[in-house]
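# Chains, contacts and geometry: an overview
Below, each chain spelled out in residue letters.
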Amino acid sequence: MKNKKLFLLLCLAVHFVNAQKKQPFLWGVATAAYQVDGNYQVDGKGESKWDFLTNKVGITQFTIGEKQTGNVAINMYDRTQYLKDIQLMKELGVNAYRMSLDWSRIIPDGVGAVNEKALAHYDLLFDDLLAAGIEPLVTIYHFDYPAVLLQKGGWGNPEMENWYYNYASVVINRFGKKIKNFITFNEPYIEFFLVENMLNAQNNKLPEKEYYMSQMQKAHRQLIANARVIKLYHDLKLKGQIGIVLNVNPAAPWDEKKVADQKAADFQDVLINGLFLDPLYKGKYPKMALDSLAKYNPTFKPSTEDMAFIGANKPDFLGINFYAPAIVKGEDSAMSLKWLDNNPDEVKSNVGPVRPEYLYKMLMRLKNDYGNPQVIITENGTGFVSEDVKINGKINDPLRTDYIKRHVEWALKAKKEGVNLFGYTVWSGWDNFEWVSGYTKRLGLIYVDFATQERTPKQSFYEYQKIIKENRSF
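This write-up is about the structure you can find in this document. This structure is a prediction, so every number in the text was calculated from the model and none was measured. (Residues numbered from 1 in each chain as written. Predicted model: local features only at pLDDT ≥ 70, side-chain atom pairs only at ≥ 80, totals over all residues. Heavy atoms only, no water.)

## Focus on the overall build of the protein
Helix and strand content of the protein: 18 helices and 12 strands. In terms of overall size, the protein behaves like a compact globule, its C-alpha atoms giving a radius of gyration of 22 Å where 474 residues would be expected to give roughly 23 Å. In the protein, which comprises 474 residues, the proportion classed as buried is 60%. Counting contacts in the protein only where the partners sit at least 6 residues apart, residues at least 24 apart contribute 77% of the total. Here the protein displays about 20,000 Å² of accessible surface, and carbon together with sulfur accounts for 53% of that area. Within the protein, the 54 negative side-chain charges are centred at a point lying 6 Å from the centre of the 59 positive side-chain charges. (Helix = DSSP H or I, 4+ residues; strand = E, 2+ residues; numbered from the N terminus. Rg over C-alpha atoms; globule rule 2.2 N^0.38 Å. Buried < 20%, exposed > 50% of the residue type's maximum accessible area, 1.4 Å probe, protein only. Contact = heavy atoms within 4.5 Å. Areas by Shrake-Rupley, 256 points an atom, 1.4 Å probe, with all protein chains shown as cover. Lys, Arg positive; Asp, Glu negative; His and termini not counted. Charge placed at Lys NZ, Arg CZ, Asp CG, Glu CD.)

## A look at the pattern of salt bridges
Following the criterion strictly, the structure yields 25 salt bridges and no others. Residue D51 pairs with K45 through a salt bridge whose shortest N-O separation is 2.6 Å. Of the two residues examined, D51 and K45, each falls in the buried class. Overlapping salt bridges bring together D388, D397, R400, D431, R442 and K458 as one network. (Salt bridge = Lys/Arg side-chain N within 4 Å of Asp/Glu carboxyl O.)

## Looking at the sheet that holds strand β1 (residues 26–30)
Ordered in space as β1-β2-β3-β4-β5-β7-β9-β10, the eight strands form a closed barrel in which the pairing is parallel. Each neighbouring strand pair of the sheet contributes to a mean axis angle of 25°, computed without reference to strand direction. Summarising the sheet, strand β4 (residues 181–186) and strand β5 (residues 241–247) pair through four bridges and their orientation is parallel. Counterpart to N181 in the pairing with β5 is Q241. (Pairing = 2+ DSSP bridges. Axes fitted to C-alpha atoms, helices over the stretch in contact; angles between N-to-C directions.)

## Section: the environment of L149
Looking at the secondary structure, you find L149 in helix α8 (residues 147–150). Among residues more than four places away in sequence, those in contact with L149 are W103, D109, G110, G154, M160 and W163.

Structural data, given as structure tokens:
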């Protein structure tokens, strides 16, 4: 009898310890450095790729007809400002903040001397967040890098993999004991197959399909760099975890009754989703993608060793950015961006057709087809041109509010059905500089007056606050 009691007490103790170790469900908001920081020449920061594109190329002129930059953005590098924003996060009730580091602040020349002022800034920012009960989810690389490396070819240069590894090593060695969740890269598909094609930065004269597939070597280098940094993190035996973020756009046919639409959707799905999920979790590229690469980019021949290395160094978790499915027509080439314009919704959002059930479908797909990895939704949100108008000091955004509410419902349904989901993060906490859209698209829960930097929580802010309170136990 005595032994039985001891056994039961031991079981209870183990259960208690495990319960203590279990990470609470993360409810958060997200930003990226270039989009919010501003202060682009402060504390020894070097010129970044996006500093160059916005200031010298004037890239937004070609998309919105006006030159706009992130030079000021929403001033979140400034501590006086970000402390106010941390208070807004506390009011919202989040316990996580996804943010990114600026490589051009930390190593202004891309390689070589490290800028201690930048490291000290991030150290203090992390301490301020942690003191407020907010866990930083730190993205090491979110589209941007030092302009000097862009002049050397960026990811088109085989050395970029080493330059990134060096930078990530500095970050992990400095902050690895303080930060529990690192992210190596944000959305390689978007960086190479979408933005590179939209901007055609190299003014390449290749035919459309050849140019599209020419980006594959850059994406492959990023996957190798991802695996190298994951291995480094694990070799250091740090107590947190490290993952990667992919955009997921499950493809759907414009007309389910049309065979051509379904066939085109299947191929588009492989090029957006399978092209990155398969190597990360299966150690190989999808055959359909390799067949097209053999035709349009025959020089791309990933080695057996490369694929084995990627497969052997899986991320501890997968961050997914979900906004909308890719709705595809049979006449659209999968190696184009035409799917971005396909939106049958009567009231169109800034991010594509509103289909929250496709978030559920993707989460279940990760569970059933990719071994049910740990997943966190690192971006989810939207905007509607008609909504973000301040009237009598208030911003009512019922469509965004409904979007967030329904996406959370579908995400939690997937979790209840066994998906290994440990967090949900809204893009974005604040209106900010939205890359090639500049300041013309507002996706924040908090309205920002870009002239005065005044913040005003929107209706969706208070709805998300309510959602968090109701689901804190997750």
